[in-house]
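Listed below, chain by chain, are the residues.
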Amino acid sequence: MIRRPSPAVVLPCLAFLLALAACQPAPPAPPAVAPLAVLAPIPADLAAALDAFRAEGPKGWAFTQTTTGGGRDRVERYDPSRRGPARWTLLSEKGRAPSDAEQLRYRDTRPPFDAAANLAAQVNRASAALVARDEQSATYEFALVPAGENDTAAAHMRVRFTRDTASGAFTRVELFNFEPFRAATSLTIHEARTTLVYAPPADGRPTLPLETSLRVRGTRFWIAGFSQDVVSRFSDHADMNAAPAAESPTPAAGAHSPSP
């Protein structure tokens, strides 16, 4: 799984985004877009694409992740051929290579196993609507199924999947609120948006993630505005499916994992 500020479950993780917030004026909510067509029932090929969709990208692929915003400036390398927390290597933090001790602390924060995030399971397929189409792609919008009884955001959110016509793959996924809503008594969300961007399959490789961005805007205590933007970019992808799983020793201070 790609470890990033997880939009796959941005609704349950909304509290995480809000905790990162800095004070800025909150913009108005984006305007609604009238659908070109309501799809009932959902086309079989679109349903199949949703069934196969993995927000994290394909299994077994290594990548370098660069994250900025929200007080973060971090470069990491993920190698699924290694085991446990050793799959993750901190390459730099705020422009500086980590010491041995910092690398150990970093790896202590990595999960021992990857957990896939099933965004497609939160899609209400009965609400499918076509909202945009051109020669290259089509964009479909869905309402969301609440992730749980405490999910107060889902009723105010929509998700859009943009599908590449040539390959049938999703190249952009946007999860956003279509109206302001109150997440707590003293907390109003004006904008909450997660955008996932993918490169369509080509030259024998699968769809690969390119960028994840998260944005939240809101008002606390009816007066104080806040704003937060976090972006993660993915590069140096490499297929490690044929590589044997191996333990990885902690790299020496200042050492970087090799990029393919």
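See the structure printed just above.
Parameters at a glance
- Residues numbered from 1 in each chain as written.
- Predicted model: local features only at pLDDT ≥ 70, side-chain atom pairs only at ≥ 80, totals over all residues.
- Heavy atoms only, no water.
- Helix = DSSP H or I, 4+ residues; strand = E, 2+ residues; numbered from the N terminus.
- Buried < 20%, exposed > 50% of the residue type's maximum accessible area, 1.4 Å probe, protein only.
- Contact = heavy atoms within 4.5 Å.
- Areas by Shrake-Rupley, 256 points an atom, 1.4 Å probe, with all protein chains shown as cover.
- Arc of directions from axis to C-beta.

When helices and strands are counted, the chain shows three helices and 12 strands. With 260 residues in all, the chain has 45% of them scored as buried. Sequence separation of 24 or more characterises 59% of the internal contacts of the chain that already satisfy a separation of 6 or more. Only carbon and sulfur atoms are counted for the fraction: they give 57% of the accessible area of the chain, which is about 12,700 Å².

Note the cis peptide between A40 and P41, where omega equals 0°. Turning to its location among the elements, P41 is positioned in the loop between β1 (37–38) and α2 (44–52). Of note, D203 is a non-glycine position whose phi angle comes to about 55°, a positive value. Considering the arrangement of structural elements, one finds D203 in the loop between β10 (187–199) and β11 (208–220).

Buried within helix α3 (residues 100–108) we find Q103, Y106 and R107. Projection of α3 onto a plane perpendicular to its axis shows the buried side chains occupying an angular sector of 95°, all on one side. Residues R105 and D108 are exposed on α3 and point more than 90 degrees away from its buried face. Buried residues belonging to α3 abut β3 (72–78) and β4 (88–93).

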